Amino acid sequence: MRTGTGVRLDSQDPTPTVAGYLSLLRDLGADFHVHHVIPGLQGQAQMLHDSARAGLDFVLGNEYGNINGPFVPGTNRWDVPAELLEDAAATGGLIGVLYDEPEHLQINADQYRKDAFHPHFASTDGLAAEAAADRVADSAAAIVHDVDTATTGAGARVPVLAEQVFPVLFHTLARGGMTPTPKIMKESFQPLQLSTALGAALQYGRDFWVCADLWGPDVGPWFTRAPGFPGHSPAEYASALRMGYLFAPSHLFTENIDVLIHHRGHDRFERTEFGDVWDEFVRDFIPRTPLEWSFADARPDIVLIHAEDSNFGRGTLPFGNRGASAPQASKSVFAAWHLLSHGSIPPDGSCMHIDRYTFPRHALNGIPRSTFPLSQGAETVTHTHPLFHPVRNTLVFDETVTPDRLGEPELIVVAGTRLPARTRDLLRRRAESGAVVVIPRWLAGPTGGDRERVGSGAWIVYDDLLHDDDAKLAISTHLGSPDRWTQRFGDTEIVFEAADADGVTLHAEVVASRSARV
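First, a word on what this report is: a plain description of the structure on this page.

Thresholds, definitions, all that
Residues numbered from 1 in each chain as written. Predicted model: local features only at pLDDT ≥ 70, side-chain atom pairs only at ≥ 80, totals over all residues. Heavy atoms only, no water. Phe/Tyr/Trp six-rings, centres within 6.5 Å; stacked < 30°, edge-to-face > 60°. Helix = DSSP H or I, 4+ residues; strand = E, 2+ residues; numbered from the N terminus. Buried < 20%, exposed > 50% of the residue type's maximum accessible area, 1.4 Å probe, protein only. Lys NZ or Arg CZ within 6 Å of the ring centre and 35° of its normal. Core = buried A, V, L, I, M, F, W, Y, C linked by side-chain atoms within 4.5 Å. Contact = heavy atoms within 4.5 Å. Pairing = 2+ DSSP bridges. Axes fitted to C-alpha atoms, helices over the stretch in contact; angles between N-to-C directions. 1 Å grid on protein atoms, 1.4 Å probe; cavity = no way out; pocket = protein on both sides within 12 Å on 5 of 7 lines; lining within 4 Å. Points joined across faces, edges and corners; volume = space filled by probe spheres on them.

1. Regarding the packing of aromatic side chains
Right, so step 1: Scanning the entire structure with this criterion turns up 17 aromatic pairs.
Right, so step 2: Seen from their ring centres, phenylalanine 189 and tyrosine 357 are 6.2 Å apart, and the 55° between their planes marks the pair as tilted. Taken together, the positions of phenylalanine 189 in the loop between β5 (179–185) and α8 (190–204) and tyrosine 357 in the loop between α11 (332–340) and β11 (394–397) put the pair 168 residues apart, joining distant regions of the chain.
Right, so step 3: For the ring pair phenylalanine 247 and tryptophan 485, a centre distance of 6.1 Å and an interplane angle of 45° mean the geometry is tilted. Highlighted residues: phenylalanine 247 in the loop between α9 (234–246) and β7 (251–255) and tryptophan 485 in strand β16 (residues 485–489), separated in sequence by 238 residues. The two residues phenylalanine 247 and tryptophan 485 agree in class, both being buried.
Right, so step 4: The side chain of arginine 428 reaches across the aromatic face of tryptophan 459, ending 4.8 Å from its centre.

In structure tokens form, the structure reads like this:
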């Protein structure tokens with residue numbers, strides 16, 4: 001079934017044998033695979049046995065159950081049963097439990113279930129934002145506790161992955177113990193998505209996984225299994241894999257194998273153009289680009305601080321609360337990203353699920369599903385989704401960030417709706433020691449004016465970030481080149497530049513004691 005639409009797709013290739021499929025995974029150079037568990041658990045014991053025999057680790061996911069049920073009562077969520085987790089942990093191959101787009105199903109609770117409005121984690125109706133965030137985090141913590149209890153035989157803690165398409169709730173779910181797992185490509189602004197998820201992982205001491213998701217908005221003359229699948233070109237996919245890898249995550253995986261391979265029957269497989277991209281990435285790029293840094297080494301020059309409000313630009317259903325709207329102050333987060341990206345990211349939303357974007361993939365909806373896969377989805381390439389936006393070494397923390405995690409950034413931009421007094425005092429101390437702090441008036445507390453010197457730094461108060469000349473000037477002096485997106489990990493800086501006029505593909509350079517163009 002096409003996720004979220006209720007449209008069923010017939011199988012397009014014959015089913016391979018188990019031995020053939022596992023051999024294919026090994027041939028693709030995979031270290032692990034993500035297996036979406038079917039409620040009822042038919043064949044699960046055999047899957048565990050087969051994965052162990054093949055020497056493949058695995059992640060157990062809940063996507064199928066989220067879409068099709070049965071559901072945890074009062075939610076639109078399906079949890080992998082404890083007995084399967086116990087059996088999986090006992091094999092030694094279980095490396096993660098994946099919750100598919102949980103932020104999406106919290107704030108868009110009626111996406112799959114049509115019988116009632118049942119958010120993924122918990123109902124937040126009638127709650128203020130801080131209380132709603134606490135309730136979601138507490139629910140996530142209960143899930144993590146249950147997984148921890150069921151997987152004690154794994155030998156190491158099994159992370160519970162929050163695989164997210166919207167750049168909201170990363171910090172809330174990380175606070176609850178979940179591992180930030182941003183989807184790249186998809187319909188995201190890449191620096192915003194990665195900076196937010198990476199900041200959440202660092203602030204709450206979690207792992208950091210990355211999913212290179214081939215579903216997307218665009219069409220072109222490439223192999224297409226369904227409208228929007230793939231919704232990115234092979235060239236964009238190649239750049240995205242490299243981009244995700246260079247962020248040095250705990251694990252990196254792609255969604256999904258159906259796009260990489262044709263099965264012609266009798267366990268005879270052929271790579272698509274996307275399979276060729278994957279093969280080059282695994283066989284060539286990774287061996288010649290050893291990682292000498294980790295995501296955990298990330299140190300920002302710029303920090304954006306904002307409390308979670310779950311607003312990505314729509315303004316309704318904050319945290320899934322049907323009786324509330326996102327406050328006006330929450331839009332300051334979009335304004336901050338607009339300025340931090342040299343105006344490249346729009347000032348009215350944090351992903352492409354806002355009104356200004358239309359998706360060319362919808363043009364394929366009129367093609368009968370029985371004719372898929374298409375050798376060419378469309379004759380003309382569309383360029384809705386770029387990878388490149390110019391952002392300088394930025395991380396996002398929430399309003400509870402501590403001094404050790406904040407570090408010593410040059411520029412601290414504060415936005416959003418809430419800021420505890422202790423965090424405001426921390427920011428004041430950072431200004432005294434040399435940072436430039438740009439903060440909204442509604443969060444600034446008593447100050448001496450709109451702009452004041454504080455020690456060796458500056459404290460700049462704004463009412464409207466997009467129209468405050470002092471705030472814009474202060475930010476602009478720290479942004480670096482409009483032709484570069486950078487992220488620093490210890491002594492290593494990754495520099496991305498657009499490789500084409502639309503920014504759909506990237507050049508990357510690793511700048512350390514030695515430089516390498518990759």
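2. Side note on the nonpolar core
Right, so step 1: Core analysis: the biggest nonpolar cluster contains 99 residues, and Tyr237, Val438 and Leu465 have the highest contact counts within it.
Right, so step 2: Sort the elements by how many residues they give to this core and α8 lands first, with 8 residues.
Right, so step 3: Excluding its chain neighbours within four sequence positions, the residues that come into contact with tyrosine 237 are Met185, Ala212, Leu214, Thr254, Leu260, Phe274, Val277 and Trp278.
Right, so step 4: Ala88, Phe121, Ala150 and Met178 belong to the second-largest nonpolar core, a separate cluster that totals 37 residues.

3. Description of the sheet that holds strand β13 (residues 436–440)
Right, so step 1: Taken together, the 6 strands give an open sheet; going across it, the order is β11-β10-β12-β13-β15-β14, and neighbouring strands pair in mixed fashion. Looking at which strands have only one partner, the edges of the open sheet turn out to be β11 and β14 (451–454). Each neighbouring strand pair of the sheet contributes to a mean axis angle of 15°, computed without reference to strand direction.
Right, so step 2: Bridge count between strand β12 (residues 411–414) and β13: 3 bridges; the pairing is parallel. Bridging across to β13, isoleucine 412 finds its partner in valine 437.

4. Notes on the sheet that holds strand β2 (residues 57–61)
Right, so step 1: Taken in spatial order, the 7 strands line up as β1-β2-β3-β4-β5-β6-β7 in an open sheet, and their pairing is parallel. This sheet does not close on itself; its edge strands, each paired only once, are β1 (32–36) and β7. Along the sheet, successive strands turn relative to each other by an average axial angle of 30°, direction set aside.
Right, so step 2: In terms of strand pairing, β1 meets β2 through 5 bridges, oriented parallel. Bridging from a neighbouring strand, phenylalanine 32 pairs with aspartate 57 of β2.

5. Thoughts on empty space enclosed by the protein
Right, so step 1: Tallied over the full model, the rule gives 1 cavity of 30 Å³ or more.
Right, so step 2: Roughly 140 Å³ of volume is contained in the largest cavity.
Right, so step 3: The wall of the largest cavity is formed by 15 residues, among which Pro167, Val168, His306, Asn311 and Val333 lie closest to the centre.
Right, so step 4: Of all the secondary structure elements, the ones that give two or more residues to the lining of the largest cavity are α7 (170–175), α8 and α11.

6. Comments concerning α11
Right, so step 1: With 9 of 9 residues buried, α11 is to be regarded as a mostly interior element.
Right, so step 2: Every buried residue belonging to α11 is among Ser332, Val333, Phe334, Ala335, Ala336, Trp337, His338, Leu339 and Leu340, and all of these are buried.

7. Concerning unusual backbone geometry
Right, so step 1: A cis amide bond links glycine 69 to the next residue, proline 70, at an omega of 0°.
Right, so step 2: With respect to the helices and strands, the residue proline 70 is situated in the loop between α3 (63–68) and α4 (82–91).
Right, so step 3: Here the bond from phenylalanine 372 into proline 373 is cis, since omega is 5°, no more than 30 degrees from zero.
Right, so step 4: Relative to the elements of secondary structure, proline 373 occurs in the loop between α11 and β11.
Right, so step 5: Positioned with a positive phi, glutamate 101 is a non-glycine residue whose angle comes to about 45°.
Right, so step 6: Along the chain, the position of glutamate 101 falls in the loop between β3 (94–100) and α5 (102–107).
Right, so step 7: One non-glycine residue, histidine 342, adopts positive backbone phi at about 55°.
Right, so step 8: On the secondary structure map, histidine 342 appears in the loop between α11 and β11.
Right, so step 9: Residue classification places histidine 342 among the partly exposed residues on the basis of a relative accessible area of 31%.

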